[in-house]
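Structural overview for review
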Amino acid sequence: MTAAVEFQNVSRHFGTVKAVDGVDLTIAEGSFFAMLGPSGSGKTTCLRLISGFEKPTGGAIRIFGEDVSSVPPHLRNVNTVFQDYALFPHMNVRDNVAYGLMVKGMGRAQRHAKAEEMLALVKLDGYGDRKPAQLSGGQRQRVALARALVNEPRVLLLDEPLGALDLKLREAMQDELKALQHKLGLTFVFVTHDQHEALSMADHLAVFNEGKIAQIGTPQDIYDRPATRFVADFVGSSNVLPPELTRALGGPAQWASLRPEATRLATSGPVTGTVTALRYLGSGTRVVIRAGETEIAALVPAGQPVPAEGATTAIAFDPQALHLMGAA
Amino acid sequence: MSHSAVLPARSLADRLTGTFWRRPGLLLALLILPPLLWLGVVYLGSLFALLLQSFYSIDEFSGVVKEEFTLKTYAELFRAQNLDIILRTVLMAAAVTLACAVLAFPIAYFAARYAKGGWKAAFYLGVMLPLWSSYLVKVYAWKLILAKEGVLTWAAEGTGTGFLIDGLLTIPGLEGSSLSTSPFGTFLVFVYIWLPYMILPMQAALERVPTSMLEASADLGATRGQTFRTVILPLAMPGVIAGSIFTFSLTLGDYIIPQIVGNSSRFIGLAVYQLQGTAGNIPLAAAFAVVPIVIMLIYLTLAKRAGAFDAL
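Figured I'd write up the structure that's included with this text. (Residues numbered from 1 in each chain as written. Chains lettered and ligands numbered in written order. Predicted model: local features only at pLDDT ≥ 70, side-chain atom pairs only at ≥ 80, totals over all residues. Heavy atoms only, no water.)

Attention now moves to the overall build of chain B. On a plain count of helices and strands, chain B comes out with 14 helices and 2 strands. Taken over the C-alpha trace, chain B has a radius of gyration of 26 Å; the compact-globule value for 312 residues is 20 Å, which it surpasses by more than 25%. For the C-alpha atoms alone, the extent of chain B along its principal axes is close to 90 × 65 × 40 Å. The buried share of chain B, taken over its 312 residues, is 39%. Taking all contacts inside chain B whose residues are at least 6 apart in sequence as the whole, residues at least 24 apart take part in 66%. Here chain B displays about 18,000 Å² of accessible surface, and carbon together with sulfur accounts for 71% of that area. On chain B, the mean spot of the 20 positive side-chain charges and the mean spot of the 16 negative ones are 12 Å from each other. (Helix = DSSP H or I, 4+ residues; strand = E, 2+ residues; numbered from the N terminus. Rg over C-alpha atoms; globule rule 2.2 N^0.38 Å. Buried < 20%, exposed > 50% of the residue type's maximum accessible area, 1.4 Å probe, protein only. Contact = heavy atoms within 4.5 Å. Areas by Shrake-Rupley, 256 points an atom, 1.4 Å probe, with all protein chains shown as cover. Lys, Arg positive; Asp, Glu negative; His and termini not counted. Charge placed at Lys NZ, Arg CZ, Asp CG, Glu CD.)

See the structure below:
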């Protein structure tokens with residue numbers, strides 16, 4: 001498979017701040033790729049390196065095999081859906097969408113027809129005459145999407161595309177974006193700090209931490225087998241066990257992660273703790289047990305007895321579910 | 001310790017706040033009344049009094065104002081010498097506005113997009129400082145700068161560029177013995193004096209244009225020039241118009257600069273000043289004063305029609 005985007009030891013330093021530090025990354029053509037990480041982890045800078053709004057201070061970036069180090073943004077066949085949508089307030093929706101064609105010199109009738117086509121694609125037919133200010137947040141986002149797609153980019157970049165939408169709309173847009181990507185067969189690269197969004201939408205993702213990639217893989221890889229403590233902490237709702245506790249539970253003295261679904265309560269065992277919190281989830285109850293310095297969550301399925309707050313209980317688990325990882 | 005759900009009112013302020021909370025319109029009415037009185041009675045009232053005066057006429061023999069409704073005074077505006085004044089003033093105001101806009105744009109753009117911290121403070125200081133000193137002092141200073149024996153001529157001669165000034169002073173309409181007696185000098189001083197009024201609203205408008213909008217334009221394939229024409233300029237337009245309202249109307253009404261710098265040809269402001277003073281022709285002065293109002297209304301209508309306020 002062709003690589004749509006390739007980073008080779010790419011760095012972007014701002015003075016002493018290493019926003020992106022020695023990143024190697026390959027994004028396959030046609031994939032829906034997520035860059036996940038907390039704010040300041042370098043994910044947005046990476047996106048801006050692809051679009052050309054940032055220049056790398058080291059390394060090489062290739063888009064479909066071509067080195068783009070000296071190519072300005074307006075000559076890169078890559079388009080962005082901005083976090084704040086960045087719609088032009090003085091133009092109506094149709095002119096916003098047709099903007100990319102207008103600056104390339106396409107005639108009015110032709111570009112307007114193309115814009116209408118794009119608006120239909122994002123289910124906004126008939127909204128062409130409105131001003132961005134007259135649209136809802138979700139509609140504005142669709143306009144931004146149509147505007148970015150009208151140029152037929154080879155890679156579509158999305159910067160926190162769903163961040164400003166409410167929960168229900170966000171879920172609907174997730175499905176739609178996924179369907180759209182499937183239909184167009186384009187490479188989508190999106191940045192998010194929401195792990196659920198990354199896991200549910202992407203087919204591959206990179207987890208960023210302090211300017212470096214902590215782990216790269218499929219959502220399942222990352223959720224089930226976090227490479228480092230940071231990834232386990234950030235991505236999952238997994239329990240992160242310090243080395244002493246892992247050893248007490250019968251494993252080697254290493255950091256490990258344990259999913260709450262695989263954690264059970266027992267009457268006796270090597271590790272015991274006090275129940276500190278109960279959260280009823282409908283499908284079960286999440287029980288938090290404090291064992292020494294560590295809090296461990298266990299999911300008790302509905303119908304099984306739930307201990308009272310303050311009770312002492314032992315912890316048991318499925319040995320295969322214990323996943324060992326690095327300390328970083 | 002009291003556990004009542006309602007706390008007792010401690011003072012008059014508590015009771016007043018309560019009253020305002022129960023009747024929200026009351027506070028608004030109290031707050032708006034003084035400015036409304038000022039705006040309605042003092043400001044607009046005097047403007048209408050002026051407007052009324054312009055519909056009176058003056059008895060040519062006795063010089064007494066006849067308080068009868070007539071359009072005779074307005075007809076007088078169309079006499080060749082008065083039309084001349086109006087035309088000259090409007091041309092000057094337009095030229096000053098255009099020059100201010102061209103000069104102010106890069107300054108405002110730099111301040112809005114690039115200046116941070118200390119540079120920003122320096123910008124505000126640099127723009128505002130000239131406004132804090134006396135207007136008359138600045139105008140007289142310019143008279144000296146532009147005079148035949150002034151620093152500008154001296155510098156031009158020293159660098160062998162004196163022919164530029166001499167050439168400028170032979171252009172029809174700009175003739176004079178030196179820059180300080182040429183209409184071009186008047187123009188320069190107007191531009192200098194009103195420039196801050198153009199920079200500040202422009203800077204405010206440019207500051208509201210998010211960087212992402214410029215990036216979006218480049219992202220979609222626009223060159224710098226295209227981004228400037230299709231995004232920056234339209235979005236800055238309300239600021240440019242706001243600035244031009246200042247420079248245009250201030251030039252239309254000023255009567256001091258043309259008296260001090262230039263060839264003493266009359267402008268609207270100067271005409272009003274002389275008509276209401278020495279000539280005692282209040283109706284014609286009032287009619288002249290209405291001219292800038294009408295011009296500004298026409299200007300704003302045209303600007304609105306051209307879409308200058310679409311970005312608001």
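Residues and elements named next belong to chain A. The pairing of strand S15 (residues 284–291) with strand S16 (residues 294–301) spans 8 bridges and is antiparallel. Considered in S16, the bridge of Arg290 is made with Glu295. The turn joining S15 and S16, which pair antiparallel and follow one another in sequence, is formed by 2 residues; a positive phi near 65 degrees is taken by Gly292. (Pairing = 2+ DSSP bridges.)

Here the focus is helix H10 (residues 211–219) of chain B. For H10(B), the buried fraction is high: 8 of the 9 residues fall into the buried class. When we look at burial in H10(B), the residues that qualify are B:Ser212, B:Met213, B:Leu214, B:Glu215, B:Ala216, B:Ser217, B:Ala218 and B:Asp219.

Structurally, B:Tyr140 can be placed in helix H6 (residues 135–146). Placed 158 residues apart in sequence, B:Tyr140 and B:Ile298 show a C-alpha to C-alpha distance of 34 Å.

So, on to the interface of chain A and chain B. If you look at the interface, chain A gives 25 residues, while chain B gives 20 residues. Across the interface of chain A and chain B, roughly 1,800 Å² is buried in total on both sides, 60% from carbon and sulfur atoms. Connecting chain A to chain B are 1 salt bridge. Measuring nitrogen to oxygen at the nearest pair gives 2.7 Å for the salt bridge that ties B:Glu215 to A:Arg48. (Buried area = accessible area lost by both parts, 1.4 Å probe. Salt bridge = Lys/Arg side-chain N within 4 Å of Asp/Glu carboxyl O.)

A word on the sheet that holds strand S6 (residues 78–81) of chain A. Across a sheet, paired strands are connected by hydrogen bonds in the backbone, their directions being either parallel or antiparallel. Residue and element names in this part refer to chain A. An order of S6-S7-S8-S3-S9-S10 is seen for the 6 strands of this open sheet, with the pairing classed as mixed. On the outer flanks of this sheet lie S6 and strand S10 (212–217), each paired with one strand and no other. Neighbour-to-neighbour, the strand axes of the sheet open up by a mean angle of 20 degrees, direction not taken into account. As judged from the 5 bridges shared by strand S3 (residues 32–36) and strand S8 (residues 187–192), these two strands associate in the parallel manner. Paired with Leu36 across the two strands is Thr192, which belongs to S8. (Axes fitted to C-alpha atoms, helices over the stretch in contact; angles between N-to-C directions.)

Before going further, it helps to examine the packing of aromatic side chains. The full count for this structure, using the stated rule, is 21 aromatic pairs over all chains. Ring centres 6.4 Å apart and planes at 90 degrees place the aromatic pair B:Phe110 and B:Trp119 in the edge-to-face group. One Lys or Arg, A:Arg12, reaches over the ring of A:Phe14 and ends 4.1 Å from the middle of that ring. Its guanidinium or amino end placed over the ring of A:Phe64, A:Arg154 lies 3.7 Å from that ring's centre, counting from NZ or CZ. (Phe/Tyr/Trp six-rings, centres within 6.5 Å; stacked < 30°, edge-to-face > 60°. Lys NZ or Arg CZ within 6 Å of the ring centre and 35° of its normal.)

For the rest of this paragraph, the subject is the side chain of B:Lys120. Residues and elements named next belong to chain B. Mapped onto the elements of the fold, Lys120 is located in helix H5 (residues 117–132). The exposure class of Lys120 is buried, given its relative accessible area of 19%. In contact with Lys120, not counting residues within four places along its chain, are Ala111, Ala112, Ala115, Gln203 and Glu207.

For the rest of this paragraph, the subject is the environment of B:Ile257. All names here are of chain B. Tracing the backbone through its elements, the reader meets Ile257 in helix H12 (residues 257–260). Between the alpha carbons of Ile257 and Phe190 there is a distance of 7.3 Å; along the sequence they are 67 residues apart. Other than its neighbours up to four places away in sequence, Ile257 contacts Tyr135, Val139, Thr186, Val189, Phe190 and Ile193.

What follows concerns the pattern of salt bridges. All names here are of chain B. For the coordinates displayed, the defined rule picks out 19 salt bridges over all chains. Its salt-bridge partner being Arg10, residue Asp14 comes within 3.1 Å of it at the nearest N-O pair. Asp14 gets classed as partly exposed once you look at its relative accessible area, which sits at 27%. On the basis of relative accessibility, which here comes to 71%, the residue Arg10 falls in the exposed class. Lys120 is the partner of Glu207 in a salt bridge, and the nearest nitrogen-oxygen pair spans 2.6 Å. Placement of the pair is Glu207 in helix H9 (residues 183–207) and Lys120 in helix H5, with a sequence separation of 87 residues.

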